[in-house]
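If you want the building blocks of each chain, they are given just below.
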Amino acid sequence: MLNKNSHRFQRIRKPIVISTAILFHLLLIFHLLFSPVIIVSAAYKGIINASFIAFSIIILLSLFFGRAYCSWFCPGCGIQEIMSSFVKKKSKNSKALFIKYLIFAIWIGFIITGYIIHGFQKIDLTYGMLDVTFERKIILTLGAIVLTVPLTALFGQYASCKYICWQAPFMIIGTKIRDYFQLRGLRLKAEPEQCETCNICNAKCPMNIDVMANVINNKMNNAECILCGNCIDSCNHNVITFSIAKH
Ligand code: SF4
Ligand code: SF4
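This next bit is on the overall build of the protein. Along the backbone of the protein there are 13 helices and four strands. Principal axes of the C-alpha set define a box for the protein whose edges measure 60 × 40 × 30 Å. Out of the 247 residues in the protein, the part that is buried amounts to 47%. Excluding contacts between residues fewer than 6 apart, the proportion of contacts in the protein whose partners are at least 24 apart in sequence is 83%. Accessible area of the protein: about 12,900 Å², with a carbon and sulfur share of 70%. Measuring between centres, the 25 positive side-chain charges of the protein sit 2 Å from its 11 negative side-chain charges.

So, in structure tokens, the structure goes:
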């Protein structure tokens, strides 16, 4: 039996996130705006640049939306989504998940040190973005593709999001802060007693989360959940829904 809501959210989400990927790569601005390098350079000159604002907005949004940005708007996820049409293997939830936290800790350490040494001296939203040659933009964009595509091909769907994304910890930290203070926000909600333990939600989760176990234990908060809604769309018994709640 097909769920009457089958693909309800995916029909909206996939075109959005794939369009974001194509648009940002064509415009060649994403890898400058979210560059992990330019913000370090800005920090050591005491400049608040566009990346500083962009990363701040991401962490603020995560206080309400959790990791929804990842699956609905991140161009990197858009590439993963396209790759998922070809790569069916799921990436493992192994110790490799912690690599992204290590990358994040080293990177954020450099940024904080820079601003501690030089302070906030001025705001320059175009810093590092205007004086970039077309060739360098191409290298940056291709670099992102070279980072994500082989990882996904080798280790499975969404491997780069899970293992190396330097933005994911921002949202995971934001979500943890929200949960700690029991703030209202976008979450998954489950009705465990309606679950028929069919395992379809597990098969459909691109992050390879054990969704069924989370449903049965009524613990839907998972740091790797990107709120894509695949589990909601796939459940024939409408067990899982999006909810705006405190926990
Ligand atoms: S939540 Fe839905 S899809 Fe997942 S195991 Fe239960 S009934 Fe099946
Ligand atoms: S648990 Fe559901 S919403 Fe979260 S990543 Fe998996 S399929 Fe997407």
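Okay, a nonpolar patch on the surface next. On the surface, Ile53, Ile57, Leu61, Phe64, Phe65, Ile123, Leu125 and Ile244 cluster together into a nonpolar patch covering about 720 Å² of accessible area. Among the elements that make up the nonpolar patch, the one with the highest residue count is helix H4 (residues 50-65) (five residues). Among the secondary structure elements, Ile244 is positioned in strand S4 (residues 240-245). Here Ile244 falls in the partly exposed class, since its relative accessible area comes to 48%.

By nearness alone, every residue bordering ligand 2 is listed as Leu188, Cys205, Pro206, Met207, Val211, Cys225, Ile226, Leu227, Cys228, Gly229, Asn230 and Cys231. Partitioning the shell around ligand 2 into residue classes produces ten nonpolar, two polar and no charged.

Before going further, it helps to spend a moment on the domain arrangement of the protein. Partitioning the protein into structural domains gives domain 1 (10-178) and domain 2 (183-245). Each of domain 1 and domain 2 has a C-alpha centre, and the two are 25 Å apart. Linking domain 1 to domain 2 there are two salt bridges. Of the charged contacts in the structure, one is a salt bridge between Glu224 and Arg67, with a shortest N-O distance of 3.5 Å. Counting the contacts that link domain 1 with domain 2 gives 19 residue pairs in polar contact (both at pLDDT 80 or more).

The next thing to look at is the packing of aromatic side chains. Overall, the coordinates contain 15 aromatic pairs when judged by the stated rule. Arranged with centres 5.7 Å apart and planes meeting at 80 degrees, the rings of Phe52 and Phe120 form a pair that is edge-to-face. With Phe52 in helix H4 and Phe120 in the loop between helix H7 (99-118) and strand S2 (122-123), this pair connects stretches of sequence that are 68 residues apart.

Turning our attention to the site of ligand 1. Within the structure, ligand 1 sits among Cys195, Glu196, Thr197, Cys198, Asn199, Cys201, Met212, Cys235, His237, Val239 and Ile240. Classifying every residue of the shell around ligand 1 by side-chain character gives seven nonpolar, three polar and one charged.

Counted under the stated rule, the structure contains seven salt bridges. Across the pair Lys14 and Glu81 runs a salt bridge, and its minimum N-O distance is 3.9 Å. A residue pair is termed long-range when its members are at least 10 positions apart, and Lys14 in helix H1 (residues 10-27) and Glu81 in helix H6 (residues 75-83) qualify at 67 residues. In this structure, the salt-bridge partner of Glu191 is Lys189, at a minimum N-O distance of 3.6 Å.

With that out of the way, let us pick up H4. Taking 1.5 Å of rise per residue, 16 residues should cover 22 Å, and H4 covers 21 Å from first to last C-alpha, within 8% of that figure. Of all the positions in H4, only Ala50, Ser51, Ala54, Phe55, Ile58 and Ser62 are classed as buried. Projected down its long axis, H4 shows its buried positions confined to an angular sector of 130 degrees, all on one face. Buried residues along H4 sit in contact with helix H2 (30-33), helix H3 (38-43), helix H5 (68-72), H7 and helix H10 (168-180).

This part covers the nonpolar core. Counting residues in each nonpolar core, the largest one holds 52 residues, and the members touching the most others are Trp107, Leu188, Val211 and Ile240. No other element matches H3, which puts five residues into this core. Inspection of this core shows a minimum of three residues originating in each of domain 1 (10-178) and domain 2 (183-245). Not counting residues within four places of it along the chain, the set of residues in contact with Trp107 comprises Pro36, Ile39, Val40, Phe55, Trp166 and Phe170. Counting residues in hydrophobic clusters, the runner-up holds five residues, among them Leu151, Ala159, Tyr163 and Ile164.

Thresholds applied
- Residues numbered from 1 in each chain as written.
- Chains lettered and ligands numbered in written order.
- Predicted model: local features only at pLDDT ≥ 70, side-chain atom pairs only at ≥ 80, totals over all residues.
- Heavy atoms only, no water.
- Helix = DSSP H or I, 4+ residues; strand = E, 2+ residues; numbered from the N terminus.
- Buried < 20%, exposed > 50% of the residue type's maximum accessible area, 1.4 Å probe, protein only.
- Contact = heavy atoms within 4.5 Å.
- Areas by Shrake-Rupley, 256 points an atom, 1.4 Å probe, with all protein chains shown as cover.
- Lys, Arg positive; Asp, Glu negative; His and termini not counted.
- Charge placed at Lys NZ, Arg CZ, Asp CG, Glu CD.
- Patch = residues over 30% accessible without salt bridge, like charges linked within 9 Å, V, L, I, M, F, W, Y side chains within 5 Å.
- Salt bridge = Lys/Arg side-chain N within 4 Å of Asp/Glu carboxyl O.
- Near = heavy atom within 4 Å.
- Nonpolar A, V, L, I, M, F, W, Y, C, P; charged D, E, K, R; others polar.
- Domains from an automatic or database assignment.
- Polar contact = N/O pair within 3.5 Å; in protein donor to acceptor, adjacent residues only side chain to side chain.
- Phe/Tyr/Trp six-rings, centres within 6.5 Å; stacked < 30°, edge-to-face > 60°.
- Expected span 1.5 Å × (residues − 1).
- Arc of directions from axis to C-beta.
- Core = buried A, V, L, I, M, F, W, Y, C linked by side-chain atoms within 4.5 Å.

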